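# An overview of the molecular structure
So the chains spell out like this:
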Amino acid sequence: MSGNKILEVRDLVVHYETDEAVTEAVNNVSFDVVPGEILGIVGETGAGKTTIGLSIMGLLPKPPSHVIQGSIRINGKEFIDTRYEPKSFFNLAAKRMRKKTDRHIEKVYRTIRGKTITMMFQDPMTALNPVMYVGDQIVEVIKIHENVSAAEAHKRACDMLEMVGISASRFKEYPHQFSGGMKQRVVIAIALACRPDLIIADEPTTALDVTIQAQVLKMMKELQESLGTAMMFITHDFGVVAEICSKCMVVYAGEIVESGTLEHIFENTRHPYTKGLFNSLPNLDEDADRLKPILGLMPNPMDLPGYCSFYDRCEERCDRCKEKNPKLIEVEPGHLVRCVHAKAMGVE
Amino acid sequence: MAKMMTPAMERLHKKKRYNVTGVSSPGREAWKRLARNKTAIAGLVIVVFLLLVGLFAPFIAPYDYQVQDYTKMLQSPSAEHLFGTDNLGRDIFSRCVYGARYSLPIGIVCVILGLVVGGGLGVIAAYFGGKTDNIIMRFIDIIQAIPSTLLCIALVAILGNGVIQMIIAIAAGSIQGMTKTCRAAIFMVKSNEYVESSKSIGVSNLMIMLRHLVPNAVGIIVINAANAVSANILTVSSLSYIGVGLVSPTPEWGAILSEGKAYISAAPHMVLFPGLVIAVTVLAFNLFGNGLRDALDPRLK
Amino acid sequence: MVRYILKRVFYIIPVMFGVLVLVFLMKIVMPGDPVTELLPASASLEQKEALRDELGLNDPIAKQFVDYVWGIISRGDLGTSYKTKQPIATELMQRFPHTAAIGLSALLISQIIATPLGILAAVKQYSWVDNLIVVFTIVGASLPSFWLALMMIMWFSVDLGWLPAMYNGTLSGLVMPIISVAFGSIAATARGVRTSMLEMIRQDYVRTARAKGQKESIVITNHAFRNALVPVVAGIGSALGALLGGSLIVETVFAVPGIGKYVTDAVTQRNYPALQGGIVFLALMYTIINIVVDILYTVVDPRLKTTFVTAKKRKTKAVREEAAANG
């Protein structure tokens, strides 16, 4: 096995708590990311993929969001501390300790955000500060983490622009002067400026049209290969996964329902949801009159069942599925499936 | 049900406020939030109370507000004269009670008038667009170049003193705000993508979309109206204070204040109470308007 | 950029023209006869007729209007005050410094105090600090400025004797007028800044800034607030308008010899030409203020600045970039 894992997530549970309901966004998610690999995270809108990314970055909006349990280890360092849970409004001691630990964690996060792990968000149109030069926005991340002169930072920012295919002469231009695809390249330049170990890319190509999408993907792949950065690629498009990822995990209602290498997922699909996703893709080879979508909707994350979340939409369901929440079963080395019908290795 | 029970969930279940279906029309959601906002309801209650006080003034006021009693001039507040007496021996409390018939109703009526005229203009401008819109907006620009208080003063100068004249003057001053707001609201509805593609989504779907858009547009207009009432009440009292529009012996709160100015060292109560009443009235409306704003857009609370 | 400024400046002309039309209409409609006001009661009929001719009151309306406008443009002639028989324009210019002093000081003070309050409230949303500030903004906006003025006179002049009750020509005489006018503005501005900041803090680019590992204080100032400046600058324009209106009343309370008092005196004394002249003057001031604010916009919002780089130059540059990137 390659050396230290960059990222280890164990049993992560994240809820959003409001005055009216509690949203179970992430339910018991565990996975690893190894240096240099690209992990694809696939799922529908609302499945919790972005929340997973934000939790790793420590960017969850604190008032509504609440990490109930779990462990997030980045290069071995632990970032979740659930020791102090104020049990009531007046539990002032717990509140004070909570604030102290939160502040400490935030301080550590600030040293690694932008340098060790970075995140690219979904919508390039709004991800850049409209009143700052694009070059300065790259310089910003360099100056936060590296002790270099202004001139040196400027030069490196220009290098980054060139690396993503933008002429360095456009340093002093504003985001609104760039097209969507170019804006996304700037975002990539910012993400790569300090040579991070891990990039979390949250649907980076979803907002772009298909031809631009292909360019941006190609560029990301080249950069990843030359710099050796690991990536978590969040998307809802299996085509993109096939293009760029080496491993993949499928997320449904905040849980991982299937994970493994590309061969595992694409050629030995086991979970009914994943099968349904593949079946719903239009196939040029087949002669079909209608598309085959998965009927129904994802369950409301405010009201998840205590048994398999996919039960209502599953074509292979049975009574056993309703007994309790299915656990992840390893059907072949490295291939995990959350379904009672999956046969564990060595069991026939 | 849930995948994992937490203390937060238990708390909500106990309160029976666990609302899973976050789906109802935005209009109804806003109503619910408004009803739950205690300060907004308090504001509304105060306003209604004051309106009733004005309506039933003859029954509430202990004295006739015009009666002058030279034996009881400039008396401090007491059990007999809750707010004290003024320089002519008149009971200030009674005068304030009758005063509720002026600023508050005038403020509300002016907003309604302003809404009808200004809103009408705004709707016409937005609906027809193009040249009509241009002409109307230029006209509004010109009126806007004159500070609204000044405009009201000028109109009263032309029309003379009196309640009706005040109403016309102040309504005219608030027209430009109403026009702009209503025009913006109509544009919001008109240019929404759903309305543009109405042909493709069918008329019934269009009605559903409108049911979501109209509450928002109406909400913006209503918030603006609530703010306008506060502003109008302040304008009415300000103008009366400087002697324009409603003058003594009319017991308008601002006019009462202007009478008290000369006796500020001898009888501070003459200045304290009427002003306090104005402040409370405006505050009530501001609380209500604030509650409206929170109800419409709770994130920005 | 220069084109934009020129465009805005030239916009004064149609707007002021419209104002002049309105004021001229007021002239016609307002009661009072200039001739009887300007001449003593003992004047003879011939004198009255002569004055009538001189003032152009026998001319057709259209000619009167043209003369009126021309008089303003060429000589700055805003008419003659009924009360003092002096040219109104001169009287207005004499009083302008007082109003300007109060207005500008109030603006400065309110912006300096209110902006940090608004930012603080937004950053600490839901906390007691935020609630307190919001309560302050609501209550502050509810107090009538003249009542606040009277209360201050009561406390600081009558009870404590620190400040003069009426304007007496010194700086200390300006303190209470400025505070009375500024108070409501502080409340409104703080509210506006808070709302703008709350919106900006939720923007994606603020999240991007945090994702870079940036310090929270810099995120708030350089990213959130810098963008909130645009609506805040817009707020300055309307704040000044409210300050102008407020000074009309406050100057009367403190007897400050400013334009506000001049105008309110004109109304109560039936000095209609003075009122009309005051309207024209204030409208001009207000329009100029708005244009300055518009120009400030371009400084604060670079999107406006660059919109006026020649479109062609920008286009060819962009096309070259795309080609190079695709190639």
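Here the structure is a predicted model, which is why all the values come from computation and not from measurement. (Residues numbered from 1 in each chain as written. Chains lettered and ligands numbered in written order. Predicted model: local features only at pLDDT ≥ 70, side-chain atom pairs only at ≥ 80, totals over all residues.)

## A few points about the overall build of chain A
The helix and strand tally for chain A stands at 10 helices and 12 strands. For 348 residues, the compact-globule estimate of 2.2 N^0.38 gives 20 Å, and chain A sits close to it at 21 Å. Here chain A holds 348 residues, and the buried ones make up 43% of them. In chain A, once contacts between residues fewer than 6 apart in sequence are set aside, the share between residues at least 24 apart is 65%. (Helix = DSSP H or I, 4+ residues; strand = E, 2+ residues; numbered from the N terminus. Rg over C-alpha atoms; globule rule 2.2 N^0.38 Å. Buried ≥ 20, exposed ≤ 12 C-beta atoms within 10 Å, placed from the backbone. Contact = placed C-beta atoms within 7 Å.)

## Examining the overall build of chain C
Within chain C, the secondary structure is distributed over 15 helices and 0 strands. Overall, chain C is about 90 × 65 × 30 Å in size when its C-alpha atoms are taken along their principal axes. Looking at the 327 residues of chain C, the share that counts as buried comes to 40%. Within chain C, contacts between residues separated by at least 24 positions form 71% of all contacts whose residues are at least 6 apart in sequence.

## Thoughts on the sheet that holds strand S6 (residues 117-120) of chain A
Residues and elements named next belong to chain A. Strand order across the open sheet formed by 8 strands is S6-S7-S8-S3-S9-S10-S12-S11, with mixed pairing between neighbours. Both edges of this open sheet fall to S6 and strand S11 (328-332), since each of them pairs with a single strand only. Adjacent strand axes in the sheet meet at a mean angle of 20 degrees, parallel and antiparallel pairs treated alike. Bridge count between strand S3 (residues 38-42) and strand S8 (residues 230-235): 5 bridges; the pairing is parallel. Pairing of Ile41 across the sheet is with Ile234, part of S8. Each of S3, S6, strand S7 (198-202), S8 and strand S9 (247-252) touches helix H1 (residues 49-57); the most contacted strand, S7, lies at about 150 degrees to it. (Pairing = 2+ DSSP bridges. Axes fitted to C-alpha atoms, helices over the stretch in contact; angles between N-to-C directions.)

## As for the confidence of the model for chain C
It should be kept in mind that the predicted coordinates are not to be read in detail where pLDDT is low. Looking at chain C, pLDDT values average 84 and 93% of them are 70 or higher. Overall fold confidence for the complex sits at a pTM of 0.85, while the interface term, ipTM, reaches 0.86. (pLDDT = per-residue confidence, 0-100.)

## Description of the pairing of S6 of chain A
All names here are of chain A. Going residue by residue along S6, you find Ile117 and Met119 tucked away on one face and Thr118 and Met120 tucked away on the opposite face as well. Looking at chain direction, S6 and S7 are connected through 4 bridges and run parallel. Bridge assignment links Thr118 to a residue of S7, and that residue is Ile199.

## Here we look at the interface of chain C and chain B
With 39 residues of chain C at the contact, the number on the chain B side is 34 residues. Mapped by element, the contributors of at least two residues to the side of chain C that touches chain B are helix H2 (12-29), helix H7 (128-142), helix H8 (145-159), helix H9 (172-201), helix H11 (216-254), helix H12 (259-268) and helix H13 (272-300) of chain C. In terms of residue count, H13 of chain C provides more of the side of chain C that touches chain B than any other element does, 7 residues in total. Grouping the amino acids of the side of chain C that touches chain B by side-chain chemistry returns 29 nonpolar, 9 polar and 1 charged. (Nonpolar A, V, L, I, M, F, W, Y, C, P; charged D, E, K, R; others polar.)

## Focus: the interface of chain C and chain A
The interface of chain C with chain A comprises 23 residues on the first partner and 31 residues on the second. Of all the secondary structure elements, the ones that give two or more residues to the side of chain C that touches chain A are helix H10 (204-211), H11, helix H14 (302-306) and helix H15 (311-326) of chain C. Take the side of chain C that touches chain A: its biggest share by element is 6 residues, from H10 of chain C. Partitioned by chemical class, the residues of the side of chain C that touches chain A number 6 nonpolar, 8 polar and 9 charged.

## Quick look at the sheet that holds strand S5 (residues 77-78) of chain A
Residue and element names in this part refer to chain A. Ordered by their spatial adjacency, 4 strands build an open sheet running S2-S1-S4-S5, and the pairing between neighbours is antiparallel. Every other strand in the sheet has two partners, leaving strand S2 (22-33) and S5 as the edge strands with one partner each. Strand direction decides the pairing type here: strand S1 (residues 7-17) and S2, joined by 9 bridges, are antiparallel. Counterpart to Glu8 in the pairing with S2 is Asp32. On the sheet, H1 packs against S1, S2 and strand S4 (65-74) and is oriented at approximately 70 degrees with respect to S2.

## As for the pairing of S11 of chain A
Residues and elements named next belong to chain A. Examined bridge by bridge, S11 and strand S12 (residues 335-338) share 4 bridges and lie antiparallel to one another. Paired with Glu330 across the strands is Leu336, a residue of S12. Counted along the chain from S11 to the antiparallel partner S12, the turn is 2 residues long, and its residue Gly334 has a positive phi close to 90 degrees.

## Quick look at unusual backbone geometry
For Asn28 of chain A, which is not a glycine, the phi torsion comes out positive at approximately 60 degrees. Mapped onto the elements of the fold, Asn28 of chain A is located in strand S2. Residue Asn28 of chain A is classed as buried on the basis of its C-beta count, with 20 C-beta atoms lying within 10 Å. The phi angle at Arg270 of chain C is positive, at roughly 60 degrees, despite the residue not being glycine. Positionally, Arg270 of chain C belongs in the loop between H12 and H13. The exposure class assigned to Arg270 of chain C is partly exposed, which follows from the 15 C-beta atoms found within 10 Å.

## Details of the domain arrangement of chain A
Residue and element names in this part refer to chain A. Looking at the assigned domains, one finds that chain A contains domain 1 (7-116 + 197-346) and domain 2 (132-194). Here the C-alpha centre of domain 2 lies 30 Å away from the C-alpha centre of domain 1. Facing 13 residues of domain 1, the contacting portion of domain 2 comprises 13 residues. Element by element, the count of residues in the side of domain 1 that touches domain 2 is highest for helix H7 (residues 210-227), at 7 residues. Looking at the side of domain 1 that touches domain 2, its residues break down into 10 nonpolar, 2 polar and 1 charged. (Domains from an automatic or database assignment.)

## Topic: H11 of chain C
All names here are of chain C. For H11, which comprises 39 residues, the first-to-last C-alpha distance of 46 Å sits more than 12% below the rise-based estimate of 57 Å (1.5 Å per residue). The largest bend along H11 measures about 40 degrees and falls at Phe225. Residue Ala255 follows H11 closely and has a positive phi angle near 55 degrees. (Expected span 1.5 Å × (residues − 1). Bend = angle between axes of the 7 residues up to and from the residue.)

## A few points about the packing of H11 of chain C against H12 of chain C
All names here are of chain C. It is at 7 Å that the axes of H11 and H12 come closest, and there the two elements cross at 80 degrees. Our classification of the angle between H11 and H12 gives roughly perpendicular. In contact with Ser247, Leu248, Glu251 and Thr252 of H11, H12 contributes Gly260, Lys261, Val263 and Thr264. Counted by class, the contact of H11 with H12 contains 2 nonpolar, 4 polar and 2 charged residues. (Parallel < 35°, antiparallel > 145°, perpendicular 65-115°, else oblique.)

## Some details on the nonpolar core
The biggest cluster of nonpolar side chains holds 238 residues, and the ones touching the most others in it are Ala189 and Met232 of chain A, Ile153 of chain B together with Val19, Ala149 and Met197 of chain C. Ranked by the residues each element gives to this core, the list is headed by H11 of chain C, at 16 residues. Lining this core are residues from two domains, each supplying at least three of them: domain 1 (7-116 + 197-346) and domain 2 (132-194) of chain A. Excluding anything up to four places from it in sequence, Ile153 of chain B contacts Leu239 and Val244 of chain B together with Val263 and Val267 of chain C. (Core = buried A, V, L, I, M, F, W, Y, C linked by C-beta atoms within 7 Å.)

## Looking at the environment of Cys318 of chain A
One can find Cys318 of chain A in the loop between helix H10 (272-280) and S11. When the C-alpha atoms of Cys318 of chain A and His341 of chain A are compared, they prove to be 9.2 Å apart, with 23 residues separating the residues in sequence.

## Re the packing of helix H6 (residues 88-123) of chain C against H9 of chain C
Residues and elements named next belong to chain C. Their axes nearest at 6 Å, the elements H6 and H9 cross at an angle of 35 degrees. Crossing handedness for the pair H6 and H9: right-handed. Its residues placed into classes, the contact of H6 with H9 shows 21 nonpolar, 8 polar and 1 charged. (Left-handed = near helix turned anticlockwise from the far one by under 90°.)

## Here's the deal with helix H7 (residues 130-144) of chain B
Over its 15 residues, H7 of chain B runs 21 Å from end to end, which matches the ideal 21 Å to within 8%, given 1.5 Å per residue. Considered for burial, the residues of H7 of chain B that qualify are Ile140, Ile142 and Gln144 of chain B.

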